[in-house]
Amino acid sequence: MTGALRRQGAGRGESRSWAGPLQAVLLALLLLLQPGKSWAQAGPGKAELIGPQPAWVKPVEMPSEKSSLTEQARQGIYYLLVDTQVRVDATGRQSFRRIAMQALNEKGVESAANLELRFDPSYERLQLHRITVHRAGQRSERLASTALRVLQREKELDYLIYDGSKTLNAFLEDIRVGDVVEYAYTLSGSNPVFEGRHFGQFDLQWSSPVAKLYARLSWPAGRPVNFKLLNKAPAAKQTSRDGQNEYEWQQNGLAALSLDNDVPSWYDPYQAVQWGEFATWAEVARWALPLYRVPDRLSPALQAEVKRIAGKFSQPAQRAAEALRLVQREVRYLGVEVGVGSHAPNPPSQVFERRFGDCKDKTLLTLTLFKALGLQASAALVHTQMRQGIEGLLPRPSAFNHVIVRADIDGKSYWLDPTRNTQPGELDQMAQSNFGRALLVDAKTQALESVASGPAMQQWRRVNVLLDVRAGLDKAVSMTVKTELQGLSAEQQRALLAGENPKELQQRYLNYYARSYPGLKVVKPFETKDLPGSNRMELLEFYEIPNFFTRSETAHRLEAGLEVPELLSYLQAPRDTIRTAPLALAYPQEIEHVIELMLPEAWTFKDEEQLIEDPGFSLSRKIKGGEQSVRIVDHYQSLADHVRPADVPSFTANLEKARKSLGYLIYKNDSVSGSPRKQGASLNIAVALSAVLLSGLFVGLALRLYAWNPRKRWAAEAGASAWPLGGWLLLLGLGVLVTPLRAGRQLLENAGSYSMESWTYFTLPDSAGFHVLTGPLMLLELAVLLAQLVFGVLLLLLFLKRRSSMPVVYLVLMWGSVLVGALDAWALNSIPQFAGKAGKAGEESGLVQQAWGVIFLGIWTAYLLHSERVRQTFVHSYSKAQGAGAPPLSDALPPLPQSGGVA
C-alpha cells in the first residue's frame, strides 16, 4: 500500500526484509521483460511533455530575492515562491505546481540545475509549462533548449516494491550562484482505485524558509468537501467563481521550522490543511470493503492447503497459526503496485500460484484461508510510522501505508502481520504488530481502533554473563554470555542469522563486548538453540579476558569493573536536551541482565537494592553476594514511546542517575581483598590521631559533666532518701547499657573504612569514589560514634549512682544524637554513589525507623520530666569526697520543671 505523507518521508514502511541490490536488479529485469506492460514502453516525447499553463490557474506574483530568511536556508536553496493549485471538476482533477528557488552556493546550484518531477503514467499526465532563469534582473526562458528525459526511477526496489512511477528530468545548463530557477507544471488525472473521490493536502510550513507560499483549491459548488487544519493552520479565504468554490491560503515571509533530533515518527508539527470527500473513517472503511472481499471459490491448491490444516489441527488458534505461517513461508514479499495496485490486492489464488505478493496480497490471502477454516478476521489498515498520529488526520485512504490482519479467536484479538518472516510457536507466543491505531475494513466500523499493547508486542530478552575468575586473579577470565530471546526478539534474531555470515556476525559480537572488556578473545564460535515450539531462542557466546584485573598504582590495588553495555545503549543522554519537540524512546522494550562473578577466594560484598523510576523507563538493580561470588541483576523496561519536552530535563537527570548506578568496581588491596567499604590493613595515621584527640576532648567534657550538679531546686528535699531503681527506669537503664556497647561494636566494624586504602579511594579527587562531602561525612560519623561510646559510659555511671544530673544529661545527649543522625542521613543522600542505594523500600523503612525513634524519645522525655519516680530516684549530688575533683560546670543550664506525674 502506498504512503502519502510529506515531510516525514513516509514510504511503505511495512515489516519486510531488506532486499539487496542483486534482488532489485533481478526484479527490474523481470518486470521490464514482460511483454505488453505499459511500464516497459517508451516514455512520451518532448512535444507531449510541454504545454500551455491551464486557464483556470490564478497568477501569483513572485516576491523579491532579497530577504533575511536566506540565513535559514538549507542545502544552499532559498525558496522564493511555492505555488500549489488544485482543481476538481466534472472532468477530473488537475494539480498545478510552480516553484521559484535561488541557488545560494555551489550546493544550491547542483539542486537548482537538475529538476526531477515524479508521476505515475498509468493514470497521470504531466505537462511542463515553463523553465525560466532569473539573473541580475534579466529573464531567460530555457524550456525549449533544455534536454528532457523520462526515466524509470524505482526508488523502492531495494524494498522489493515496484510502482511503475517515472520521473521527468530536466538538466539545465549554465546555472550560477545567485540565479533564480523558476519552473511550472501540471499533473492531470487521479488513481481510479479511489472511484472518483478526491482528497489531498497543502503544506503551509516547511523545514526551509519560503518567501511566499500560496495554495488554492477550486472545488465544484454544491459538492461536499471536508477540511482539517493541522497545527493551528490558518483558515482559508473562500470565494466563488464560475460554478466553483475557491479556497485560498497565503503565507508570506515563512520562516523555517527545524525539528529537534530524535523525534517520534508520528510527530509532525508543520502547519498543513487536508481536504477531501471522505467525511468519516467509516466511509474510508466502506471504500476499502470491496477490495478485501474474500472470494467465494478457492483454487485447487488453496483448497488442498485448507483441507491439510483442518485435518491436522482442531483448535481455532492452532489453525490460525498454521495458516499464517503458510502465507509467511510460501509467499515471498514482492509488490507490483502499478496504478490501482497501489491499494487493491490481487486475487488470492493468483498470489498463491505465483508465490509472491505485497502486504495487501498477503493479507487478503490470509483472510481467505481464515474464512475457509471457520475463523473470524478482518483487514486492518495502519500506518507504520504515523501510528497513533493518524487519529488527528482527516479521514482518507492515504492515511495508511500498510495493512495487517485482525483476528478474533477464542475471545481474544490478535494483530497479525503476514509480511513478517515465518513465526513459529503457538498463536499466543507469536510477536504481534503494534501500530497504535488501525481501521478495520468492516461494514460495522465507525472509527479507528486502538491496537492494545501487550507482552506479544514488546521485545523481551535476558542476558546472563558468567565471569569465572576461579583460576586466579592473575589468570585469563572465562566469559560466557547466554542470551535468551522470546517473541519478537527471537524472530528478529532468526532473521539476522538467516541473512548474515556467521563469521562476520561473531566479529561484530566480539567488538561489541571488547569496548567494555579490552583484549577480549573468542574461545569458540557462538552457538544457537532454537525453540520454535515456544518461539524462543538461545544464543551462547564464549570469550576470554586476558587481563580482567588491572593494577591501580594510585590506590595500591587490583581493580576490575563490571559493565552492562546492553543497558547502557538505552540510557544514553539525548543529543538535544533543550527541546520543543518530544523525544522518541525505543518502546516497548524489556531486558533482564544478570552478571555472575565467581572468585578464587573469600570476598565480602554488601547486598544492595536500587530502583530508579521515570515516566519513560524503570531500572532496578539487586546485588547479592556469596562467600566467593556476587550476582548482579538489572531489569530495564521502557514505559512510553516518547518524553514530553517539559519532562526531558528530569528524564535526562534520571538517565544519568541510572547510568551511574550500573557501574560496579571490585578490587583487592595489596594486603586484603574487598570493596570500598571493606576492611583494609594499612593504618591511617591522620585519622587515628584525630580519633585520639576527639576521644580526649570527649573524656574531658564527660568528666566535667560527671562533676556537675543541677541547681538545688532540681534535687529532692534535704534529708529525703532516694528511691531504688525500679519501674520503667529498668527499661531505660537497659537502653543506657546498650548505648556504649553498640557504639563500640560499630567502631570496630567501621575501622576498615578508615584504612589508608579506603580513605584514599573516597578522598582523592582523581579516585572513582571521590566526592567532596565523603571525607567530612566519614569524620562526622567517627566523632558521633566516639561521643556515643564516651558519653554512653558517662550516662551509665550517672544512672547507677542515681545522680540528679542524669535526666538532663540523658535528654541533651539523646536529642543531640537524633539531630546529628538526621544531618548524617541527609548528607549521605547528597552523595550520588550512596544516594538511593537502599532502594525505595529501604529508604522508606529508614524513615519509619527514625520516626519511631523520635516518638519513643518523646515518650521518655515526658516520663523524665513528669514522673514522681524519676524525681525521687535521681537525688544524689556530686561532691569532691565522692570522686575526682573535676570542677563543676556553671549553673547556666535550664532547670527541670518541678511537677508531679506518673511513676
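None of these values were measured; they are calculated from a predicted model.

Parameters and conventions
- Residues numbered from 1 in each chain as written.
- Predicted model: local features only at pLDDT ≥ 70, side-chain atom pairs only at ≥ 80, totals over all residues.
- Heavy atoms only, no water.
- Salt bridge = Lys/Arg side-chain N within 4 Å of Asp/Glu carboxyl O.
- Helix = DSSP H or I, 4+ residues; strand = E, 2+ residues; numbered from the N terminus.
- Buried < 20%, exposed > 50% of the residue type's maximum accessible area, 1.4 Å probe, protein only.
- Phe/Tyr/Trp six-rings, centres within 6.5 Å; stacked < 30°, edge-to-face > 60°.
- Lys NZ or Arg CZ within 6 Å of the ring centre and 35° of its normal.
- Pairing = 2+ DSSP bridges.
- Axes fitted to C-alpha atoms, helices over the stretch in contact; angles between N-to-C directions.
- Core = buried A, V, L, I, M, F, W, Y, C linked by side-chain atoms within 4.5 Å.
- Contact = heavy atoms within 4.5 Å.
- Polar contact = N/O pair within 3.5 Å; in protein donor to acceptor, adjacent residues only side chain to side chain.
- Left-handed = near helix turned anticlockwise from the far one by under 90°.
- Nonpolar A, V, L, I, M, F, W, Y, C, P; charged D, E, K, R; others polar.
- Expected span 1.5 Å × (residues − 1).
- Parallel < 35°, antiparallel > 145°, perpendicular 65-115°, else oblique.

Visitor: Tell me about the pattern of salt bridges, and name the residues and values.
Guide: Applying the stated criterion to the full structure yields 38 salt bridges. Between R308 and E322 there is a salt bridge, with the nearest N and O atoms lying 3.3 Å from each other. In this pair, R308 is assigned in helix α5 (residues 300–312) and E322 in helix α6 (residues 316–330), connecting sequence segments 14 residues apart. By relative accessible area, R308 is classed as partly exposed at 32%. Classification of E322 by relative accessible area gives buried; the value is 9%. Close ionic contact of E656 with K660 constitutes a salt bridge, the shortest N to O distance being 3.5 Å. With E656 and K660 both in helix α12 (residues 648–662), this residue pair falls four residues apart, about one helical turn. We classify E656 as partly exposed; its relative accessible area is 37%. Bridged by salt links that share partners, the residues R462, E484, R536, E538 and E592 form one connected network.

Visitor: Provide a residue-level description of the packing of aromatic side chains, including the pertinent values.
Guide: Throughout the structure, instances matching the rule amount to 26 aromatic pairs. With 5.1 Å between their ring centres and 75° between their planes, Y79 and W206 make a pair best called edge-to-face. One end of the pair, Y79, is in strand β1 (residues 77–89); the other, W206, is in the loop between β10 (199–203) and β11 (210–220), and 127 residues separate them in sequence. Each member of the pair, Y79 as well as W206, carries the same accessibility label: buried. Aromatic pair W860 and Y863: ring centres 5.7 Å apart, planes at 80°, arrangement edge-to-face. Of this pair, W860 and Y863 both sit in helix α18 (residues 839–866), three residues apart, which is roughly one turn of that helix. We note that W860, like Y863, is buried. One aromatic cluster in this structure is built from F202, W219, F227, Y247, W249 and W275. Over the ring of F278 we find R197, and its NZ or CZ is 4.1 Å from the ring centre. The aromatic ring of Y706 is capped on one face by R803, whose charged end is 4.9 Å from the ring centroid.

Visitor: Would you mind going over the sheet that holds strand β8 (residues 166–171) in detail, with residue names and values included?
Guide: Judged by pairing direction, the sheet is antiparallel, and its three strands sit side by side in the order β3-β8-β6 without closing on themselves. Two strands in the sheet have a free side with no partner beyond their single neighbour: β3 (114–119) and β6 (147–151). Sheet twist, expressed as the mean angle between neighbouring strand axes with direction ignored, is 20°. Here five bridges tie β6 to β8, and the two strands are oriented antiparallel to one another. Across the sheet, the residue bridging to R149 is N169, located in β8.

Visitor: Mind laying out the nonpolar core, listing which residues take part and the relevant values?
Guide: In terms of nonpolar packing, the biggest core is built from 56 residues, with F400 and L427 touching the most fellow members. Of all the elements in the fold, those that place two or more residues in this core are α4 (281–288), α5, α6, α7 (348–354), α8 (359–372), β19 (376–382), β20 (402–409) and β21 (412–416). Looking at which element gives the most residues to this core, the answer is α6, with seven residues. Beyond its immediate stretch of four places on either side in the chain, L427 contacts A317, A320, A321, I409, Y414 and L416. The next biggest cluster of nonpolar side chains, apart from the first, holds 48 residues, and it includes Y517, L562, V630 and V643.

Visitor: If you had to explain the sheet that holds strand β25 (residues 477–487) to someone new, which residues and values would you point to?
Guide: The strand order β26-β27-β25-β24-β31-β34-β33-β32 describes an open sheet built from eight strands, whose pairing is mixed. Of all strands in the sheet, those bounded by a partner on one side alone are β26 (521–531) and β32 (608–614). On average, adjacent strands in this sheet sit at an angle of 10° to one another, irrespective of strand direction. The pairing of strand β33 (residues 617–625) with strand β34 (residues 629–638) spans nine bridges and is antiparallel. Considered in β34, the bridge of L619 is made with Y636. Against the sheet, helix α10 (residues 502–514) makes contact with β24 (459–468), β25, β26 and β27 (536–545), and its axis sits at roughly 115° relative to β26, the strand it touches most.

Visitor: So what's going on with the side chain of E277? Which residues, and what values?
Guide: Along the chain, E277 turns up in the loop between β15 (272–276) and α4. Given a relative accessible area of 16%, E277 falls into the buried group. A polar contact of 2.9 Å, which involves the side chain of E277, links it to the side chain of R223. Here E277 is in contact with G196, R197, H198, W219, R223, P224, N226 and E283, once residues within four sequence places are set aside.

Visitor: Please set out the side chain of S516 residue by residue, giving values where relevant.
Guide: For S516, the position within the fold is in the loop between α10 and β26. Given the relative accessible area of 12%, S516 is considered buried. Apart from residues no more than four positions distant in its own chain, S516 is found in contact with E563 and P565.

Visitor: Quick rundown of the packing of α5 against α6? Include the residues and the values.
Guide: The geometry of α5 relative to α6 is characterised by a closest axis approach of 9 Å and an angle of 140° between their N-to-C directions. Handedness of the α5/α6 crossing: right-handed. Along the contact surface, α5 presents E305, R308, I309 and A310, while α6 presents R319, E322, A323, L326 and R329. Across the contact of α5 with α6, the residue classes break down as four nonpolar, no polar and five charged.

Visitor: Now, about α6: what can you tell me, with residues and values included?
Guide: The end-to-end C-alpha separation of α6 is 21 Å, in line with the 21 Å expected for 15 residues at 1.5 Å each. Of all the positions in α6, only A317, A320, A321, E322, A323, L324, R325, L326, V327 and Q328 are classed as buried. Those residues of α6 that are buried lie in contact with α5, α7, α8, β20 and β21.

Visitor: Kindly report on α8, identifying the contributing residues and their values.
Guide: Between the first and last C-alpha of α8 there are 20 Å, a value that for 14 residues agrees with the 20 Å anticipated at 1.5 Å per step. Along α8, 12 of the 14 residues are buried, which leaves the element largely enclosed by surrounding structure. Among all positions in α8, only C359, K360, D361, K362, T363, L364, L365, T366, L367, T368, L369 and F370 are buried. Following α8 by one or two positions, G374 has its phi on the positive side, about 80°.

Visitor: Requested: an account of the packing of helix α14 (residues 729–750) against helix α16 (residues 774–800), with residues and values cited.
Guide: At a closest axis distance of 8 Å, the pairing of α14 and α16 adopts a crossing angle of 150°. Comparing the axis directions of α14 and α16 gives the class roughly antiparallel. When the axes of α14 and α16 are compared, the crossing they make is left-handed. Where α14 approaches α16, its residues L729, G733, V736, L737, T739, P740, A743, G744, Q746, L747 and N750 are matched on the opposing element by L782, L785, L786, Q788, L789, G792, V793, L795, L796 and F799. Class assignment of the residues belonging to the contact of α14 with α16 gives a composition of 14 nonpolar, seven polar and no charged.

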